[in-house]
Amino acid sequence: MSNSNFPSSQLQVRPASFNDIRYIQEIANKTWPIAYDKILTPDQLMYMLDLFYSTEALSKQMKDNHHFFLALKDYEPIGFASFSHEHDEVYKLQKLYVLPGIQKSGTGKTLLQNVMQIARSMGGKSLLLNVNRNNTARSFYEHNGFKVVREEDIPIGNGYFMFDYVMAVDLLENE
């Protein structure tokens, strides 16, 4: 019997709940050191992981209507994304990470398309995101229709800043 008959061998994306916080943390802890190795100091990396991915921080984000999704392959979490409503018809992709060994497999694109589709179904006309100005992920977002609209330098405490591009995509043009 072929494995393709089993849904577990297919990539699945499902809403994440408070019970999934540990999976989100595991993926972030495996992804961030590689994604930001040449961008952030080890101290800033640890500070930001704690700031954005502690159990308390993720619980608060979920309570504040950040919609989280997990990507699973063979029932194992391999990536996640989250988005929130900003204002009017504008939504924001808050997070999108895929385990390093799985990147370039289409998982990130599937997560992004899932977010775009749901934001559109909620009345969204545009989706924003922030990406570090030195992060190679910028090309992934450009390939998926996003354009740089401005730069932002965001103080995050402890003397640290996020030096980001703000990117946007028109959800109605990219259906």
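Conventions and cut-offs
Residues numbered from 1 in each chain as written. Predicted model: local features only at pLDDT ≥ 70, side-chain atom pairs only at ≥ 80, totals over all residues. Heavy atoms only, no water. Helix = DSSP H or I, 4+ residues; strand = E, 2+ residues; numbered from the N terminus. Expected span 1.5 Å × (residues − 1). Contact = heavy atoms within 4.5 Å. Salt bridge = Lys/Arg side-chain N within 4 Å of Asp/Glu carboxyl O. Buried < 20%, exposed > 50% of the residue type's maximum accessible area, 1.4 Å probe, protein only. Pairing = 2+ DSSP bridges. Right-handed = clockwise from strand over helix to strand, strands pointing away. Core = buried A, V, L, I, M, F, W, Y, C linked by side-chain atoms within 4.5 Å. Axes fitted to C-alpha atoms, helices over the stretch in contact; angles between N-to-C directions. Parallel < 35°, antiparallel > 145°, perpendicular 65-115°, else oblique. Nonpolar A, V, L, I, M, F, W, Y, C, P; charged D, E, K, R; others polar.

### What to know about helix α2 (residues 42-53)
So, step 1. For α2, built from twelve residues, the straight-helix expectation of 16 Å at 1.5 Å per residue is met to within 8% by its first-to-last C-alpha distance of 16 Å.
So, step 2. Where the residues of α2 are buried, they touch α1 (21-35), α3 (55-63), β3 (76-87), β4 (90-98), β6 (147-157) and β7 (160-170).

### Some points on helix α4 (residues 107-121)
Three or four residues apart is the spacing at which side chains of an α-helix point the same way, because the helix has 3.6 residues per turn.
So, step 1. If you check α4, its first and last C-alpha atoms are 21 Å apart, about what 15 residues at 1.5 Å a residue would give, namely 21 Å.
So, step 2. Phi turns positive one or two residues past the end of α4, at G123, with a value near 95°.

### Here's the deal with the pattern of salt bridges
So, step 1. In total, this model carries eight salt bridges according to the counting rule given.
So, step 2. Residues E89 and K125 are paired through a salt bridge, measuring 3.4 Å at the closest nitrogen-oxygen approach. Here E89 is found in the loop between β3 and β4, whereas its partner K125 is found in the loop between α4 and β5 (126-132), with 36 residues between them in sequence.
So, step 3. On the basis of relative accessibility, which here comes to 36%, the residue E89 falls in the partly exposed class.
So, step 4. For D153, the salt bridge identified is with R133, shortest N-O distance 2.9 Å.

### Observations regarding the pairing of β5
So, step 1. Counting buried positions over the seven residues of β5 gives five, a clear majority of the element.
So, step 2. Sheet topology note: the β4/β5 ladder contains four bridges and is parallel. Residue V90 lies in a different strand from β5, and its bridge partner there is S126.
So, step 3. With α4 bridging β4 and its parallel neighbour β5, the resulting β-α-β unit is right-handed.
So, step 4. Two strands pair when backbone bridges link them, and β5 and β7 are joined in this way by seven bridges, in the antiparallel orientation. The residue bridging V131 from the neighbouring strand is Y165, located in β7.

### With respect to the nonpolar core
So, step 1. Among the nonpolar cores identified, the biggest contains 46 residues, and I24, W32, Y53, L127 and Y141 are the most heavily contacted of them.
So, step 2. When neighbours within four sequence positions are excluded, L127 is seen to be in contact with Y91, K92, L93, L112, V115, M116, F146, M167, A168, V169 and L171.

### As for the packing of α2 against α3
So, step 1. α3 packs onto α2 with a crossing angle of 40° between their chain directions and a minimal axis gap of 5 Å. Regarding the angle of α2 to α3, the classification is oblique. On the side of α2, the interface is formed by D50, L51, F52 and Y53, while α3 contributes T55, A57, L58 and Q61.
So, step 2. Tallied by class, the residues present in the contact of α2 with α3 amount to five nonpolar, two polar and one charged.

### As for the sheet that holds strand β1 (residues 12-15)
So, step 1. The strand order β1-β2-β3-β4-β5-β7-β6 describes an open sheet built from seven strands, whose pairing is mixed. Each end of this open sheet is capped by a strand with a single partner; those strands are β1 and β6. The mean angle between the axes of side-by-side strands here comes to 30°, regardless of whether they run parallel or antiparallel.
So, step 2. Contacts between α1 and the sheet are confined to β2 (67-73), β3 and β4, with β3 contributing the most and set at about 100° to the helix.

### Points about the pairing of β3
So, step 1. Pairing between β2 and β3: seven bridges, direction antiparallel. Along β3, the bridge assignment pairs K73 with E76.
So, step 2. The antiparallel hairpin formed by β2 and β3 contains two residues in its connecting segment, where D74 sits at a positive phi of about 55°.
So, step 3. Both β3 and β4 contribute to a ladder of eight bridges, which runs antiparallel. Paired with S84 across the bridge in β4 is K92.
So, step 4. Counting the residues between successive antiparallel strands, the hairpin from β3 to β4 contains two residues, one of them, D88, with a positive phi of roughly 45°.

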